[in-house]
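As a plain string of letters, each chain reads:
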Amino acid sequence: MYPDDLGQLRQPRNHHGRRASDQLYRHDESCTGGGAGMKPTDAELIRAAFKARSFAYTPYSHFKVGAALLAKNGMVYTGCNIENAGYTPTNCAERTALFKAVSEGVTEFTDIAIVGSLDGKKNTLVTGPCGVCRQALYEFCGPRLRVLMAKSEDDYIETTLGDLLPYGFGPTNLEIEPGAD
Ligand SMILES: [Zn+2]
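Residues numbered from 1 in each chain as written. Predicted model: local features only at pLDDT ≥ 70, side-chain atom pairs only at ≥ 80, totals over all residues.

Undergrad: So what exactly am I meant to see when it comes to the nonpolar core here?
TA: Looking at soluble globular proteins, one finds that nonpolar side chains tend to be buried together. Counting 42 residues, the largest nonpolar core has A49, A67, A68, L69, I112, A113 and I114 as the members making the most contacts within it. Of the residues forming this core, the biggest block, 6 residues, is contributed by helix α2 (residues 42-53). When sequence neighbours within four positions are dropped, the list of residues in contact with A113 reads L45, I46, A48, A49, A67, A68, L148 and A150. (Core = buried A, V, L, I, M, F, W, Y, C linked by C-beta atoms within 7 Å. Buried ≥ 20, exposed ≤ 12 C-beta atoms within 10 Å, placed from the backbone. Helix = DSSP H or I, 4+ residues; strand = E, 2+ residues; numbered from the N terminus. Contact = placed C-beta atoms within 7 Å.)

Below, the structure is given as structure tokens:
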């Protein structure tokens, strides 16, 4: 997304200044989630994304991204971007998280938190998912997925995948249930 677009999105659904309780946070213990059953708060999900970002492998762009994908069963799957000397094999944080989950048999999701910034710098813009990740997420999540694009735990834009990928092409176009095998 371009900065101007992000500015427009920031107006109606800006969570700047909101301070969410973090005392219930229990989803930062591993890359494969902190346990089923309890829905994490937005702040908890964003914090998990920040932790995942710390593992980003970015020797070329130095732009580190973290994502935390909340499954319907309460598990959180995290991912970071992983670059490659061949450039093309580079994988985004969102797809790392998604593919981790799907590879473990989890295909239903409700929320994703995304954070990104240049290494050693603080976020000045939110980081939206790239077009490829929007399409990859749409396959399993459809338009209702909540997307939290965060600068910090209490400064983030809440939107949906449907807003980010209007008229998205997905399994239903082929008369298949999302996530069906
Ligand atoms: Zn991407």
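Undergrad: Help me understand unusual backbone geometry in this model?
TA: Working note: non-glycine residues mostly have negative phi, and peptide bonds are mostly trans. Residues other than glycine seldom take positive phi values, yet Y87 does so here, at roughly 60 degrees. Positionally, Y87 belongs in the loop between β2 (76-80) and α3 (93-103). You can call Y87 exposed: it has 9 C-beta atoms within 10 Å. In the Ramachandran plot, Y167 falls in the positive-phi region, its phi being about 55 degrees despite a non-glycine side chain. Structurally, the position occupied by Y167 is in the segment after α5 (161-164).

Undergrad: I keep staring at the confidence of the model for the chain and nothing clicks. Help me out?
TA: Regions with low pLDDT carry predicted coordinates that are not meant to be interpreted in detail. On average, residues of the chain score 85 in pLDDT, and 80% of them are at 70 or above. The model gives residues 1-12 a pLDDT under 50, and that stretch makes 9 contacts with residues more than four places away or in other chains. Every residue in residues 17-34 is under pLDDT 50, and counting partners more than four places away or in other chains gives 38 contacts. (pLDDT = per-residue confidence, 0-100.)

Undergrad: Help me out: how do you make sense of the pairing of strand β3 (residues 109-118) in this one?
TA: On any regular strand, side chains alternate: one points to one face of the sheet, the next to the other face. The buried fraction of β3 amounts to 7 of the 10 residues, a majority that puts the element mostly inside the structure. Pairing of strand β1 (residues 63-71) with β3, which is carried by 9 bridges, proceeds in the antiparallel orientation. Considered in β3, the bridge of L70 is made with D111. Inspection of the sheet shows β3 paired to strand β4 (residues 146-152) by 5 bridges, in the parallel sense. In the strand pairing of β4, I112 is matched with V147. (Pairing = 2+ DSSP bridges.)

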